[in-house]
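# Topology and contacts: notes
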Amino acid sequence: MTILRISTQPIEGQKPGTSGLRKKTQVFMQPGYLENFVQSIWNGVGGVAGKVLVLGGDGRHFNTEAAQTILRMAAASGAARVIVGQGGLLSTPAASHLIRKRGADGGIILSASHNPGGIDGDFGVKFNTANGGPAPEGVTARIHEASTRLDHFLMLDSADLPLSEIGQHRLGDTVIEIVDPVSEYATLMESLFDFDAIRALLGTGFTLRFDAMHAVTGPYAREILENRLGAAPGSVRNAVPLPDFGAGHPDPNPVWAKPLFDAMFAADAPDFAAASDGDGDRNMILGRGIYVTPSDSLAVLAANAHLVPGYRDGLKGVARSMPTSRAVDRVAEALGIAAYATPTGWKFFGTLLDAGLATLCGEESAGTGSDHVREKDGLWAVLLWLNILAEWRMPVAAMMADHWARFGRNYYSRHDYEGIDSAVAATLIDDLRGALPAMAGQTVAGLAVEAARDFAYTDPVDGSTAHKQGIEIDFAGGARAVLRLSGTGTEGATLRVYLERFDAQDTGQDPQVALAPVIAATEELAGIAKRTGRTAPDVIT
Ligand code: G16
């Protein structure tokens, strides 16, 4: 087979964001766009000759075509082996696990995560390193740099491979190994959790519903929840991955998973429900009549993980992204373990997990995970919840009440303003940044500002630094607001406003009511309505 050397030119904007390179699907489908970026990855990581790679995606539109292209490019550049999920599918956590289990040098995950798919939706490419985690900033910077100097890419002149056929194939000198995307992952889950205990819980008439949102976790959830754990057939909904996610928005939150959310507040609600996102790394947890915020979920999991086989020895430490609520910090304090706050982006947890400083990590954006892989993991979080419930044998709402009685409640909400003018958004943040030195000591809308900062982070393991990671404003009494611009959107800018207030006594309020003073103070400081013309957020989680 011939290796083609195809001339190209740098394409502007091939700069990975919070989680890989995300663009409109049709942008990725432009001739040479994907090829340029993939060659930039190869160049940025020192080539792939002789290396072992993992490849899979969440099944969105262009997944298969992109997988075929990447296989031809890996072969043209001399990769020794590429391990591919059957049909080009792999959830993000399953890909992370395969990289680690097989000692691969890295992997490519085709996903724009929770962003909508389809020809008019989004597509994305993420590169993960040998530890199974998202490429750290230094690596993504090298990939971007390589993209600015690219003058050719290499492509094997070959036919498509039958991605549905499990087994070994060859492309030139490269072995292409097509594997079942689910089995290794399911085995890992069985090694961490007490499946007998969960089976026994389900045997008591405990009912559950899992919404796979027509995304990649469908086959995983069917196999684990229904086949291996015995949940009633049909417990997993929307289980077949579709290229456009059934025209849905595969983001597991109260807005985009509204049918599931509403079902949990109906008279015949199941005992427990959960949903996952496009690529299977996010989760939403619900009990009958209660939504558990991702921040609270992290805190509950940290407080109870020792009840579960995989975490019986206790946690080494916990980590959260800075905008995530401080609920988990209170648990860490009670447990006498360290709590780390990192910038937004799972990639920042990698060094802490690798160094054994943290066991559990979580983010307000519906991501929770542990050192079993180097990605957040939606189904893992669901299984951890189920295993803990199997021990507690009490409704989720009662468990939450118990948790808040013990630790107090960090009321929390995120307000998103989507698709706003990028220049307006940048000015809003810049102006807040400029106002920071004079902010502490002011009283705004009746709330005293105690401290305010532009969040910067120095990694305690490798000393790398990240600056300008969000404006963090501490109000008196443990209240806080964080403002930052999303790094995962593909249209205009998304302003995220994270709101938090601690209450040790009164833990039964509506979060939006409890947070009203923080919302008012933040509006006064940032002038969101005046600047953007938006009087209400597009999404409240
Ligand atoms: C990605 C990152 C997460 C981050 C989230 C939101 O998640 O992996 O660490 O919290 O984006 O980021 P932003 O606020 O910049 O939009 P995913 O699930 O999209 O890969």
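Residues numbered from 1 in each chain as written. Predicted model: local features only at pLDDT ≥ 70, side-chain atom pairs only at ≥ 80, totals over all residues. Heavy atoms only, no water.

### Focus on the overall build of the protein
When helices and strands are counted, the protein shows 18 helices and 27 strands. A compact globule built from 541 residues should have a C-alpha radius of gyration of about 24 Å, and the protein, at 23 Å, falls within 12% of that. Along the longest, intermediate and shortest principal axes, the C-alpha atoms of the protein span 70 × 60 × 40 Å. The buried share among the 541 residues of the protein stands at 59%. Excluding contacts between residues fewer than 6 apart, the proportion of contacts in the protein whose partners are at least 24 apart in sequence is 72%. For the protein, the accessible area works out to roughly 19200 Å², and carbon and sulfur atoms hold 51% of it. Treating the 46 positive side-chain charges of the protein as one cloud and the 62 negative ones as another, the clouds have centres 2 Å apart. (Helix = DSSP H or I, 4+ residues; strand = E, 2+ residues; numbered from the N terminus. Rg over C-alpha atoms; globule rule 2.2 N^0.38 Å. Buried < 20%, exposed > 50% of the residue type's maximum accessible area, 1.4 Å probe, protein only. Contact = heavy atoms within 4.5 Å. Areas by Shrake-Rupley, 256 points an atom, 1.4 Å probe, with all protein chains shown as cover. Lys, Arg positive; Asp, Glu negative; His and termini not counted. Charge placed at Lys NZ, Arg CZ, Asp CG, Glu CD.)

### Digging into the pairing of strand β8 (residues 167–171)
As defined by bridge partners, β8 adjoins strand β9 (residues 174–179) across five bridges and the pair is classed as antiparallel. When the bridges of β9 are listed, Arg170 appears paired with Val175. In this structure, the hairpin formed by β8 and β9 is closed by a connection of two residues, where Gly172 is found at a positive phi of approximately 60°. (Pairing = 2+ DSSP bridges.)

### Structural notes on the site of the ligand
The environment of the ligand is made up of 20 residues, and the closest members are Glu363, Arg484, Ser486, Gly487 and Thr488. For the ligand, an oxygen atom lies 3.0 Å from a polar atom in the side chain of His114. Here Arg496 contributes a side-chain N or O atom positioned 2.7 Å from an oxygen atom of the ligand. Protein burial of the ligand: of its 460 Å² of free accessible surface, 99% is covered by the chains. In this structure, the ligand is accommodated by the largest cavity. Its residues assigned to classes, the shell around the ligand shows two nonpolar, 10 polar and eight charged. (Near = heavy atom within 4 Å. Polar contact = N/O pair within 3.5 Å; in protein donor to acceptor, adjacent residues only side chain to side chain. 1 Å grid on protein atoms, 1.4 Å probe; cavity = no way out; pocket = protein on both sides within 12 Å on 5 of 7 lines; lining within 4 Å. Sits in = over half its atoms within 2 Å of the grid points. Nonpolar A, V, L, I, M, F, W, Y, C, P; charged D, E, K, R; others polar.)

### Overview of the domain arrangement of the protein
Along its sequence, the protein is organised into domain 1 (2–180), domain 2 (185–407) and domain 3 (409–540). Taken together, the contact between domain 2 and domain 3 spans 28 residues of the former and 24 residues of the latter. In total, about 2300 Å² of surface goes out of reach between domain 2 and domain 3, with carbon and sulfur atoms giving 59% of it. For the domain 2 face of the interface with domain 3, the top three residues by lost area are Met322, Arg326 and Trp404, together amounting to 29%. Where domain 2 packs against domain 3, one counts three salt bridges. (Domains from an automatic or database assignment. Buried area = accessible area lost by both parts, 1.4 Å probe. Salt bridge = Lys/Arg side-chain N within 4 Å of Asp/Glu carboxyl O.)

### A word on helix α3 (residues 63–76)
The end-to-end C-alpha distance of α3 is 20 Å, a good match for the 20 Å that 14 residues give at a rise of 1.5 Å each. Of the positions making up α3, those classed as buried are Asn63, Ala66, Ala67, Gln68, Thr69, Ile70, Leu71, Arg72, Met73, Ala74, Ala75 and Ala76. Backbone geometry just downstream of α3 places Gly78 in the positive-phi region, at approximately 90°. (Expected span 1.5 Å × (residues − 1).)

### Concerning the layout of surface pockets
In this structure, the largest pocket spans a volume of roughly 940 Å³. Forming the walls of the largest pocket are 39 residues, and the residues nearest its centre are Gly17, Thr18, Leu485, Ser486 and Gly487. When residues of the lining of the largest pocket are traced back to their parent elements, those giving at least two are β2 (21–24), α5 (137–147), α15 (422–435), β25 (479–485) and β26 (493–503). Tallied by class, residues from the lining of the largest pocket come to 10 nonpolar, 19 polar and 10 charged. (Points joined across faces, edges and corners; volume = space filled by probe spheres on them.)

### Brief notes about the sheet that holds strand β5 (residues 106–110)
Taken together, seven strands build an open sheet; the order of strands is β2-β6-β5-β3-β4-β9-β8 and the sheet is mixed. The open sheet has two edge strands, β2 and β8, and neither has a second partner. Neighbour-to-neighbour, the strand axes of this sheet turn through a mean angle of 20°, independent of strand direction. Relative to β5, strand β3 (residues 52–57) is paired through five bridges, and the arrangement is parallel. Bridging across to β5, Leu53 finds its partner in Gly106. (Axes fitted to C-alpha atoms, helices over the stretch in contact; angles between N-to-C directions.)

### Description of the sheet that holds strand β10 (residues 208–211)
Across a sheet, paired strands are connected by hydrogen bonds in the backbone, their directions being either parallel or antiparallel. Sheet architecture is open: five strands sit in the order β11-β10-β12-β13-β14, paired in mixed fashion. The open sheet is flanked by β11 (236–237) and β14 (290–292), the only strands paired with a single partner. Pairing geometry for strand β13 (residues 283–287) and β14, over three bridges, is antiparallel. Looking at β14, one finds that Leu286 is bridged to Tyr291. Lying over the sheet, helix α14 (residues 396–407) contacts β12 (272–276), β13 and β14, oriented at roughly 55° with respect to β14.

### Some words on empty space enclosed by the protein
As enumerated under the stated definition, the model contains seven cavities of 30 Å³ or more in all. If you add up the space inside the largest cavity, you get close to 240 Å³. Residue lining of the largest cavity: 26 residues in total, with Thr18, Ser19, Arg282, Lys376 and Thr488 positioned closest to the centre. Looking at the lining of the largest cavity, the elements with two or more residues in it are β6 (122–129) and β26. Looking at the lining of the largest cavity residue by residue, the class counts come to three nonpolar, 11 polar and 12 charged. Taken together, 19 residues make up the lining of the second largest cavity; nearest its centre are Tyr291, Pro294, Glu364, Ala366 and Thr541. Contributions of two or more residues to the lining of the second largest cavity are made by β13, β14, α10 (294–304) and β19 (409–420). Tallied by class, the residues present in the lining of the second largest cavity amount to eight nonpolar, seven polar and four charged. Built from parts of two domains, the lining of the second largest cavity gets at least three residues from each of domain 2 (185–407) and domain 3 (409–540).

### Here we look at helix α13 (residues 378–392)
An ideal rise of 1.5 Å per residue puts 21 Å on 15 residues; α13 measures up with 21 Å between its terminal C-alpha atoms. Within α13, 13 of the 15 residues are buried, which leaves the element mostly enclosed by the surrounding structure. Among the residues of α13, the N-terminal cap falls to Asp377, whose side-chain oxygen and the backbone nitrogen of Leu379 are separated by 3.5 Å.

### Some thoughts on the environment of Ala76
As for its position among the elements, Ala76 is in helix α3. The spacing of Ala76 and Phe153 is 77 residues in sequence and 9.2 Å in space, taken between C-alpha atoms.

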